[in-house]
Amino acid sequence: MTIIEVQELSKKFGQLVAVEKVTFQVDEGEIFGFLGPNGAGKTTTINMLCTLLRPSGGRAKVNGYDIVRQRSQVRHSIGLVFQDPTLDEYLSAEQNLRFHAYAYNVPKQSREKRIGEILELVELSDRRRSKVHTFSGGMKRRLEIARGLLHSPRVLFLDEPTLGLDPQTRRHIWDYIQALRKQEKLTIFLTTHYMDEAENCDRIAVIDRGRIVALDTPNKLKDGVGGDMVTLKAEDNETASAELKEKYHVTPIIQNGMINFTVPHGETFLPELMMRGFNTRLLAISVRRPTLDDVFLKLTGRAIREQEAGNMDMIRQMMMRRR
Amino acid sequence: MEEVYRGMWVVAYRELLRFIQERARLFSSFGMPLIFLIIFGAGFNRIIGNLTPGVNYIQFMYPGIIAMTVLMNSVFSGLSVVWDREFGFLREVLVAPLSRGGIVLGKAAGNAAIAIVQGFILLVLAPVVGVTLTARMVAEMLPVLIVLSLSLSGLGILVASRMRSQQGFQLVIQILIFPMIFLGGVFFPVNNVPTWLSVLSKIDPVTYGVDAIRQLFLGGSLASMSSPVGGNTAIGVTIFGHTMTMWQDIVVVAIFGAVLMIAGMMSFSRQE
């Protein structure tokens, strides 16, 4: 069953097109990821789906409700964890959750029980009466996730859920997300610019400069790169390179004293190499599956890292933040 | 409609919760008004003498100080909006299924309630300054303070709806609040001043709030005064030859308030 349906959704800020005719569907129970560099339009898309921004064009439905005409129903159907913290730091964990329960009209009979359960789930029960400003970054994020789930939404939106957290905490957060999906039968829509994080998604939409440039499962996206990456080091790279070209019909590139090339199947290429023999003496060889970094590079011709965002991307980012 | 109502009480509930937990604000908000009352009172009381028979300067100023406390606490509703925006909590509120109008009313109601409590706390000074309170006066002060504080909360929210930083808000509010207090007849009667000042005073909603509380407190003494013009012109508010009664003052404040509040709601809803 489709739970999010987006058709040619666009958003313009003045002259700037932040999101351009984006179309996709998300099925119930899926973990769906939006992957792209900062300023690509991920947050803008989420804000439209969450009814915080009015689209400039196109249509979208969440849980069957139109995001422009049925905003209240959409809001009841979704939970939201923003990129930046949105907790009241001077209230306790419990008070933050209670505020949320009142705001979303969680029935009185189940309210306190639900708050207890959800705090248990994110392992914050023992800190329920502590003020939020005493919490660590990871604890705050967990509390936000808990709060987003309190009113039992159908879809949980996570905008860069692990931004600024250390690797260990990030993994922990992911464990929660996986557990939640099982327990709460949730659909999860998330944005990230961390490649390893995108690996956890069932499907990924790669978004660049406001457009979806690819949409598939992480494995299929990687297959699109054209197989596995092989890295060789030979005594004489030039000769080895020529031999590879001739015998195995690959296109080797010599880079930093290494020979790189892709083969359709790394697992079968290695035995073949051993069987057929190789005249140049090899010093080292490694085979790896392509990463989403490779996918992004192939699709956009750019690496995804923030530092490498060009001038135009920086301007896009600034303009979007300023709104 | 349910979303307006729920938005209002949820937001107001949180404002009160925050206030209870931040005890510092309870005391800090009395600071400025008390300094004015004590220093201006001590400084001017002897020179000025009685403004009208039976009303000395401190007694004259005291109702104004209560209005000033209410004013300062009411505009706090705006600071609270800016604060929430800066610390991100506003997004949690805005994405909830609550009406924007309800959220604004909740901010106003929550802070108005706090302002009213602060106003009532100042009543403990009544015996010290020599104002005799009756139960009826205290009861009548409640509607006056409700109207005044809600109206001024509307002002705070109107300003806040355009502000992104607390510093910016504080700056604008300081520029607004001090003229409003000084022009509002807290420290001098607005009838006996140069025309330009009188005109400015009479377009300041605070003037009517101060006058309402003053009439409530000094009503007895004012009535006993026999002025050749009639009525309490010396320390009241006279517009086009008509001296305002307390209830007329309240209506004026309410109209100002409704305009500010609606403008604040519209501005707030449009911005986010």
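Procedures and definitions
Residues numbered from 1 in each chain as written. Chains lettered and ligands numbered in written order. Predicted model: local features only at pLDDT ≥ 70, side-chain atom pairs only at ≥ 80, totals over all residues. Helix = DSSP H or I, 4+ residues; strand = E, 2+ residues; numbered from the N terminus. Contact = placed C-beta atoms within 7 Å. Pairing = 2+ DSSP bridges. Axes fitted to C-alpha atoms, helices over the stretch in contact; angles between N-to-C directions. Parallel < 35°, antiparallel > 145°, perpendicular 65-115°, else oblique. Left-handed = near helix turned anticlockwise from the far one by under 90°. Nonpolar A, V, L, I, M, F, W, Y, C, P; charged D, E, K, R; others polar. Expected span 1.5 Å × (residues − 1). Buried ≥ 20, exposed ≤ 12 C-beta atoms within 10 Å, placed from the backbone. Domains from an automatic or database assignment. Core = buried A, V, L, I, M, F, W, Y, C linked by C-beta atoms within 7 Å.

A closer look at the overall build of chain B
Tallying secondary structure elements over chain B gives twelve helices and four strands in all. Considered along the principal axes of its C-alpha atoms, chain B spans approximately 60 × 40 × 35 Å. Long-range pairs, those at least 24 residues apart, make up 83% of the contacts in chain B with a sequence separation of at least 6.

Remarks on the overall build of chain A
Along chain A, the regular secondary structure elements total twelve helices and 14 strands. Counting only C-alpha atoms and orienting by the principal axes, one finds that chain A spans roughly 75 × 45 × 35 Å. In chain A, the share of contacts with a sequence separation of at least 24, taken over all contacts with a separation of at least 6, comes to 71%.

What to know about the interface of chain A and chain B
When the parts of a complex come together, some accessible area is lost, and that lost area is often taken as the interface size. Counting residues at the interface gives 21 residues for chain A, matched by 19 residues for chain B. For the side of chain A that touches chain B, the secondary-structure elements that each account for two or more residues are α2 (71–77) and α3 (93–103) of chain A. Among the elements that make up the side of chain A that touches chain B, the one with the highest residue count is α3(A) (four residues).

Here's the deal with the sheet that holds strand β11 (residues 228–234) of chain A
Residue and element names in this part refer to chain A. As summarised here, the arrangement of the four strands in space is β12-β13-β11-β14, forming an open sheet in which the pairing is antiparallel. Two strands lie at the open edges of the sheet, namely β12 (253–255) and β14 (282–288), each paired on one side alone. Direction aside, the axes of adjacent strands within the sheet are offset by 25° on average. Of the pairings in the sheet, the one linking β11 to β14 comprises six bridges and is antiparallel in character. Along β14, the bridge assignment pairs K233 with A284. Helix-sheet contacts for helix α9 (residues 237–248) involve β11, β12 and β13 (258–263), and the interaxial angle to β13 is about 15°.

Some thoughts on unusual backbone geometry
Residues and elements named next belong to chain A. A positive phi angle, close to 55°, is found at N63, a residue other than glycine. Inspection of the secondary structure puts N63 in the loop between β4 (57–62) and β5 (65–66). Even without being a glycine, N105 presents a positive backbone phi close to 60°. Tracing the chain through its elements places N105 in the loop between α3 and α4 (108–121).

Focus: the packing of helix α3 (residues 57–74) of chain B against helix α8 (residues 135–160) of chain B
Residues and elements named next belong to chain B. Packing of α3 against α8 brings their axes to within 8 Å, and their N-to-C directions diverge by 40°. Of the possible angle classes, the one that applies to α3 and α8 is oblique. Note that α3 runs across α8; the crossing there is right-handed. Contacts between α3 and α8 pair A67, V70, L71 and S74 from the former with L145, L148, S149, L152, S153 and G156 from the latter. Broken down by class, the residue content of the contact of α3 with α8 amounts to six nonpolar, four polar and no charged.

Some points on helix α5 (residues 137–149) of chain A
Compared with the 18 Å implied by 1.5 Å per residue over 13 residues, the 19 Å span of α5(A) between its first and last C-alpha is a close match. Regarding α5(A), the residues found buried are K140(A), R141(A), R142(A), L143(A), E144(A), I145(A), A146(A), R147(A), G148(A) and L149(A).

Overview of the sheet that holds strand β1 (residues 2–13) of chain A
Residue and element names in this part refer to chain A. With respect to topology, four strands assemble into an open sheet ordered β2-β1-β4-β5, the strand pairing being antiparallel. On the outer flanks of this sheet lie β2 (16–27) and β5, each paired with one strand and no other. Note that β4 and β5 share two bridges and pair antiparallel. By the bridge assignment for β5, V62 is matched with Y65.

A word on the environment of P264(A)
In this structure, P264(A) sits in the loop between β13 and α10 (266–276). Taking C-alpha positions, P264(A) is 41 Å from R142(A), a pair spaced 122 residues apart along the chain.

Digging into the domain arrangement of chain A
You can read the domains of chain A as domain 1 (2–217) and domain 2 (227–289). Using C-alpha coordinates to define each centre, domain 1 of chain A is positioned 44 Å away from domain 2 of chain A.

Quick notes on the nonpolar core
Counting 147 residues, the largest nonpolar core has L49(A), A146(A), F157(A), I188(A), A67(B) and L71(B) as the members making the most contacts within it. Not counting residues within four places of it along the chain, the set of residues in contact with A146(A) comprises L97(A), I118(A), L119(A), L121(A), V122(A) and L124(A). Counting residues in each nonpolar core, the second largest holds eight residues, with V230(A), A240(A), F261(A) and V263(A) among its members.

Observations regarding the packing of helix α1 (residues 2–21) of chain B against helix α6 (residues 100–121) of chain B
Each pair of packed helices can be described by the angle between their axes along with the distance between the axes. All names here are of chain B. Relative orientation of the contacting elements α1 and α6 amounts to 35°, with a least axis distance of 7 Å. In the packing of α1 onto α6, the handedness of the crossing is right-handed. Looking at side-chain class alone, the contact of α1 with α6 contains 14 nonpolar, six polar and four charged residues.

Quick word on the pairing of β11(A)
Residues and elements named next belong to chain A. Alternating residues of β11 divide into D228, V230, L232 and A234, all buried, and M229, T231 and K233, none buried. Strand direction decides the pairing type here: β11 and β13, joined by five bridges, are antiparallel. By the bridge assignment, D228 is partnered in β13 with V263.

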